[in-house]
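Structure at a glance
Read off the chains here:
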Amino acid sequence: MPDLLLQVAARANSYLEGLNTRPVAPAQQALDALAVLDEPLPEGPTDPEAVIDLLDRVGSPATAATTGGRFYGFVHGGSLPAALAANWLAGAWDQNAVLYASSPIGSRLEEVAQRWLTQVLNLPEDCGVGFVTGATMANFTGLAAGRTAMLERLGWDADGDGLFGAPPVTVVVSEEVHPSVTKALGLLGLGRRRILRVPVDHQGRMRADALPELTGPAIICVQAGNVNTGAIDPVGPICDIAHASGAWVHVDGAFGLWANASPSLALQLAGVEQADSWATDAHKWLNVPYDSGLAFVRHGAFLTRAMSLTAAYIPKGARRDPGQFTPELSRRARGVEIWAALRSLGKTGLADMIDRTCRHARRFADGLGSAGFEILNEVVLNQVLVSFGEAETTWRVIDRIQRDGTCWCGGTTWQDRTAMRISVASWATTDADVEMSLEAIIRAAREG
Ligand SMILES: *Cc1c(COP(=O)(O)O)cnc(C)c1O
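Since we're looking at a predicted model, the values are computed, not measured.

1. Some remarks on the sheet that holds strand 4 (residues 218-223)
- If you walk across this open sheet you meet the 7 strands as 1-7-6-5-4-2-3, and the pairing is mixed. Each having just a single partner strand, strand 1 (128-132) and strand 3 (196-198) make up the two edges of the open sheet. Across the sheet, the axes of successive neighbouring strands diverge by a mean angle of 20 degrees, strand direction being ignored.
- As defined by bridge partners, strand 6 (residues 277-281) adjoins strand 7 (residues 293-297) across 5 bridges and the pair is classed as antiparallel. Directly across from W278, in strand 7, lies its bridge partner F296.

2. Quick look at the domain arrangement of the chain
- Domain assignment breaks the chain into domain 1 (2-68) and domain 2 (85-341).
- Using C-alpha coordinates to define each centre, domain 1 is positioned 35 Å away from domain 2.

3. Description of the nonpolar core
- I220, L286 and L350 are the most contacted members of the largest nonpolar core, which has 55 residues in total.
- Elements that contribute at least two residues to this core include exactly helix 5 (104-120), strand 1, strand 4, helix 9 (235-244), strand 5 (248-252), strand 7 and helix 11 (335-370).
- The biggest single contributor to this core is helix 11, with 8 residues.
- Leaving out residues up to four positions away in the same chain, L286 has contacts with L80, W258, I338, A341, L342, L345, L350 and M353.
- Grouped together as the second largest cluster of nonpolar side chains are 27 residues, L151, V169, V173 and L190 included.

Procedures and definitions
- Residues numbered from 1 in each chain as written.
- Predicted model: local features only at pLDDT ≥ 70, side-chain atom pairs only at ≥ 80, totals over all residues.
- Heavy atoms only, no water.
- Pairing = 2+ DSSP bridges.
- Helix = DSSP H or I, 4+ residues; strand = E, 2+ residues; numbered from the N terminus.
- Axes fitted to C-alpha atoms, helices over the stretch in contact; angles between N-to-C directions.
- Domains from an automatic or database assignment.
- Core = buried A, V, L, I, M, F, W, Y, C linked by side-chain atoms within 4.5 Å.
- Buried < 20%, exposed > 50% of the residue type's maximum accessible area, 1.4 Å probe, protein only.
- Contact = heavy atoms within 4.5 Å.

Written out as structure tokens, the structure is:
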């Protein structure tokens, strides 16, 4: 075992060192070589060293270099050194963070992380927190608590009796709702289609003045961080309107909620702390390894009512049993990496990381704008949308930049326009990465 782990550390280091000189998208040759994995299950055992050798030789080149400084696709973050290293140590621990009894350290680090997270994200310190796989599950978890709460007001036990015959709950989203929210609504029996869509402004923000009149139980899903523009819904005004009728406000803040960690950006989230539940990712802007998301619920009792599990063989502990807050039962100790990331960054390090990535995004917008290309959004956070002209031209430039390999950007459609989307969410991105990528994008665009 010790030799194997030392060897894999050396392999991982050389992978990380190679990120700067390899193309960001894997070479076609590396993808073709994956065919050697299509072998029959071996009859007998293989030496672990040989297994890892095969994995590294064939697997490492077939990765997208998302953890380097020049991957700007979707809203992927990288992995902070302390978080990655903590992930390795936690892997060696192999803790099942379902119960305090099976992982005291997993339980305690969730408690500490909860305190720190609610502080940096400006959420109520005593809310219930579930450490889940990502924002999709965090949306599911927060909305499950909302469903429980809204129906309980009418004397209906949604968790016990389900939704057949229950009083209807109005669900309100914006026209720019993230598909993970509608998926979560489907899973919860609230329906992907049974929703009211509120119009948005030019940046994709829900228009508070266009909210429907709310009567009876309702859940309003707002968004903090539009995947295209980065814009944040006016959460404060929406909370005021929603709460006047007793509605539940859920915030999908997969990446945008982290703006609260930066004093200069927090203004955009004014009032977000008034909501009832919040979903965010740790694997995006906090830069911890996959997979890691967080669900926060102001009144934690609704969360545990929706998520808790009773079984004779699992006695209720006096300490935090993490599995009482999540859809999953057995689960890895995700709090470890979140703790390590926050412990290594501190408050100022976190704010710097958020501010720095936003500064890089503005530099992209300025550089491409001065080169004569059209920026389609106001760059309020870390997302930039650029058009190179006609849709076909923009797609051609995107394809060229992906094949060029200096950096990686994807395409999107924004209010009927085709755009290349640049998302800067990695701690690893440097000024030099941005300049090198800008040059490559402008070169690709000038080829027409
Ligand atoms: C990424 C994202 C999600 C989904 O997050 P996962 O971690 O992929 O489950 C949801 N909402 C928004 C706004 C996002 O950016």
